[in-house]
Number of protein chains: 2
Amino acid sequence: MLSVKPYRGSRDFYPPEMRFRKWMFSRLRSSVEQFGFEEMDAPILEPIDLYLAKTSEEIVSTQIYTFKDRGDRQMVIRPEMTPSVSRMVAGKFRDLKKPIRWYSIPNLWRYERPSKGRLREHWQLNCDIFGAPDPFWADLEILHLAVTLLKNFGADHTMFRVKMNDRRIINYLFENVLKIQADWWAPVARIMDKKEKIPRDEYMAMMTAAGLGDAQIASVDLYLENPARFFADHRDGSPVFAEMEKLMAVAAESGLRDYVEYDPSVVRGFDYYTGFVFEIFDLTPGNNRSLFGGGRYDRLLENFGIQSANAVGFGMGDVTLQDFLESHHLVQNPDKLVHVYLAVFPDPSLLPHALNIASDLRKAGLNVEMNLGQKKMGKQFQEADEKNIPLVIILGEEEIKNNSVQMKNMKNGTQNQVFLENLQESIQSEWEKIYAAKN
Amino acid sequence: MLSVKPYRGSRDFYPPEMRFRKWMFSRLRSSVEQFGFEEMDAPILEPIDLYLAKTSEEIVSTQIYTFKDRGDRQMVIRPEMTPSVSRMVAGKFRDLKKPIRWYSIPNLWRYERPSKGRLREHWQLNCDIFGAPDPFWADLEILHLAVTLLKNFGADHTMFRVKMNDRRIINYLFENVLKIQADWWAPVARIMDKKEKIPRDEYMAMMTAAGLGDAQIASVDLYLENPARFFADHRDGSPVFAEMEKLMAVAAESGLRDYVEYDPSVVRGFDYYTGFVFEIFDLTPGNNRSLFGGGRYDRLLENFGIQSANAVGFGMGDVTLQDFLESHHLVQNPDKLVHVYLAVFPDPSLLPHALNIASDLRKAGLNVEMNLGQKKMGKQFQEADEKNIPLVIILGEEEIKNNSVQMKNMKNGTQNQVFLENLQESIQSEWEKIYAAKN
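What counts, and at which threshold
Residues numbered from 1 in each chain as written. Chains lettered and ligands numbered in written order. Predicted model: local features only at pLDDT ≥ 70, side-chain atom pairs only at ≥ 80, totals over all residues. Heavy atoms only, no water. Helix = DSSP H or I, 4+ residues; strand = E, 2+ residues; numbered from the N terminus. Rg over C-alpha atoms; globule rule 2.2 N^0.38 Å. Buried < 20%, exposed > 50% of the residue type's maximum accessible area, 1.4 Å probe, protein only. Contact = heavy atoms within 4.5 Å. Areas by Shrake-Rupley, 256 points an atom, 1.4 Å probe, with all protein chains shown as cover. Lys, Arg positive; Asp, Glu negative; His and termini not counted. Charge placed at Lys NZ, Arg CZ, Asp CG, Glu CD. Least-squares fit on C-alpha atoms with pLDDT ≥ 70 in both. Salt bridge = Lys/Arg side-chain N within 4 Å of Asp/Glu carboxyl O. Pairing = 2+ DSSP bridges.

Caption draft 1: Fine view of the overall build of chain A. Within chain A one finds 16 helices and 17 strands. Relative to a compact globule of 439 residues, whose C-alpha radius of gyration would be 22 Å, chain A shows 29 Å and is clearly more extended. Burial statistics for chain A: of 439 residues in total, 58% are counted as buried. Contacts in chain A between residues at least 24 apart in sequence constitute 67% of all its contacts with a sequence separation of at least 6. Carbon and sulfur atoms make up 48% of the accessible area of chain A, which amounts to about 18600 Å² in all. If the 55 positive side-chain charges of chain A are averaged to one point and the 61 negative ones to another, these points end up 3 Å apart.

Caption draft 2: Highlighting unusual backbone geometry. Residue and element names in this part refer to chain A. The omega torsion of the bond from Lys-98 to Pro-99 falls at -5 degrees, within 30 degrees of zero and hence cis. Note on placement: Pro-99 falls in the loop between helix 4 (82-91) and strand 5 (100-104). With a phi close to 65 degrees, Asp-72 is a non-glycine residue in the positive phi region. Relative to the helices and strands, Asp-72 resides in the loop between strand 3 (65-68) and strand 4 (74-77). A positive phi angle, near 55 degrees, is found at His-329, a position not held by glycine.

Caption draft 3: Seen up close, the side chain of Glu-430 of chain A. Inspection of the secondary structure assignment puts Glu-430 of chain A in helix 16 (residues 423-438). With residues up to four places along the chain from it excluded, the contact list for Glu-430 of chain A reads Leu-391, Met-407, Asn-409 and Asn-416 of chain A.

Caption draft 4: Fine view of the relation of the copies chain A and chain B. Between the two copies, chain A and chain B, the superposition gives an RMSD of 0.1 Å; the rotation angle is 180 degrees and the shift along the axis is 0.0 Å. Each copy turns onto its partner about a two-fold axis. Nearest to the rotation axis, the C-alpha of Phe-67 of chain A is located 3.1 Å from it, this being the minimum over chain A. Most of the interface of chain A is mirrored in chain B: 100% of its interface residues are interface residues there too.

Caption draft 5: Up close: the pattern of salt bridges. All told, the structure shown has 67 salt bridges over all chains when counted by the stated rule. For Arg-362 of chain B, the salt bridge is made with Glu-141 of chain A, and the minimal N-O distance between the two is 2.9 Å. Separated into two different chains, Arg-362 of chain B in helix 13 (residues 351-363) and Glu-141 of chain A in helix 5 (residues 135-151) make up a pair that spans both. Here Arg-296 of chain B makes a salt bridge to Asp-298 of chain B, at a shortest N to O gap of 2.7 Å. We classify Arg-296 of chain B as buried; its relative accessible area is 5%. Given the relative accessible area of 23%, Asp-298 of chain B is considered partly exposed.

Caption draft 6: Structural view of the pairing of strand 7 (residues 121-130) of chain A. Residues and elements named next belong to chain A. Counted residue by residue, strand 7 has 10 buried out of 10 residues, so it is predominantly covered. By the bridge criterion, 5 bridges tie strand 5 to strand 7 in an arrangement that is antiparallel. By the bridge assignment for strand 7, Ser-104 is matched with Asn-126. Direction of pairing for strand 6 (residues 107-109) relative to strand 7: antiparallel, over a ladder of 3 bridges. For Asn-107, the partnering residue across the bridge sits in strand 7 and is Trp-123.

Caption draft 7: Local environment of the environment of Ile-48 of chain A. Residue and element names in this part refer to chain A. As for its placement among the helices and strands, Ile-48 is situated in the loop between strand 2 (45-47) and helix 2 (49-52). Ile-48 gets classed as buried once you look at its relative accessible area, which sits at 15%. On a C-alpha basis, the gap between Ile-48 and Ile-64 in space is 9.5 Å, while along the polypeptide they are 16 residues apart. Residue contacts for Ile-48: discarding those within four places in its chain leaves Ile-64, Thr-66, Gln-74 and Val-76.

The following block contains the structure:
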């Protein structure tokens, strides 16, 4: 006997879950399109080279789904969308009008141990801007888009916060302050990321094991605990500090004052980021975690031979977003909409008439569920009721002779004879009553 | 250097192709929902057992994408949707209200040699009805749905034809007329399928090699060439002949007279069909080929321990449908809709104002594309023009002082000063002019 369960870490979308997904994605789509973004898509399979280039090593070595196709090509089920988007931008770079504003909602796969908020298959809204005349403007546009996405679901600054940083500031710390070799940057960054989660002793031991002396550890402390002072000390060493302050200032002046803050601990996992990075956190007490994030990745297109194509974007996962919306009571899950249930008396000769009436109503734009051979009228009414269809059209032999049907409003119990020529009009008028009663 | 091409047999959907796909799918969705169907989805990966059970052997042995996951489970990238749909129906069979009307538009993968109309990745609309009180009514509903899908794109009976048959009629031929063993049914069916495509000699040789004598070959000829006579000869042997005639009659009486015909050569490839089968053919001279098809598969749920769950459905591929729509000039590919381009004079201090105005317009439901740092005004106008955005809002230092902007209609060249408090209203009135000029 075959199992009825979906593959571990993946989800079946029965109609109620699918309605939720469609509602959520349609809200995302209309928000993103308000910013002039266009939807695109790429194949779910890509050659492995695309990921070896720039995706984080952890993902490639332990989390990707990879296999050889029947032609011996090593293929990958995409674990993220940015490499495919970059490939496609590079493929038509000369012909595409800049700036390019693209979005997509692909499904992605990672071999993970499934847990709350972490599944093997998830969907992810990806938004990216390539080739902006001034990348700084694009960073702000992306920041506004990220915030607007959540605000358009009804979320406000009490529910989430954008924490921002710049990879060049972290690089400056490693290169000009700590003066450590490039191959130690990633391991030290990982220890820094643990600072708030582990005891001080353990943190110090790890930093020492990574080769850092007391003065270096003190510099890291200053950077993480007093970034304003760190900025003041190093302002003359690089223009990135003034740029970060400018970004914060313009964000604040353009309506995001309550939403953004500088956070020196934000790094982002992917190796390809080159500048501005951000992460959006849920402010729910006890559930204070990263919802989604993104940043600038100006050099990813170099892998395809395209130089100096600036790029900024983010990816927002459906599982985390759904969890956020549910925990803040921002979910509106619409019902299935069927306007009319067509009930038919138990006479097989009525079937062609029923099909004709259903066709006419559907041609007029109505959603019609027809009885499919249930003989008992009571069960037909029950079916309409269980499916929450408020209007039932009843077709009997007598009615057919008079070119009429019975129409029953399941909400108030009224029932009338209606001539076929007036049927659409009568349905519309009953639906107006049903809407009015609802609101 | 990395390749910019998509994997062989798969497609990149740049925004124009994606707009087409979204237009096509949205038309399909609204047609299917008029019949009361609800959308669902399943993971793209399934365990191989799901396909070993019933999918055609050719697909499993030579065409599926299969691999072992990191936990040593043999997984498949779905080559069709019916097994997943059946698994999900079985998984909640007791709780789901019957009849179940489900649809989905999954992407599917098969390792094929790519050619016109045959790709490795394609999308497929799947529509299925499970648990109808009378399966005969469900067959007719599915038939109407299949025809309506094409009619709602503007297609008519001069463009396509539904050819119908019943697996039980073919089984009757093999079992009661030819009296051949069950394991010879499939090979003989494949030779029958070639009858019109190969010389008579060759056909006869193949039939003889399959063990059929002259009388048996004559019976096959009668069945294929004079089905009315074949029906008359065998009417008493099985109720399926009367049922097929009834199906044709009700279809004709319910508006499908010009669309349907009986065709003894229709078999359908999947092993799981048990009754009514149909195939829809493009009538274009020189391109007379199968567009899509489906049928009844009442026993598929037995693999999950569910007995007597009647089921009927079909799958319609996007590549074939697109080809059909294009060859009959039924395509309407909508433009990207951006209401306003927000141009900004080259003064960085204007950026917060620009972001604020863009936010306000977007809050009012408008789609706004903002300048992202282009300093030359001429280039900003050019950008709006190239992207076919008919209205440009121009923001300069003088205007900000007066709480105003300039508004330029790119279609008629007019330009006016508009105060910010009247901006939304003015945009709406300009857009009404633009719509009026278009229509």
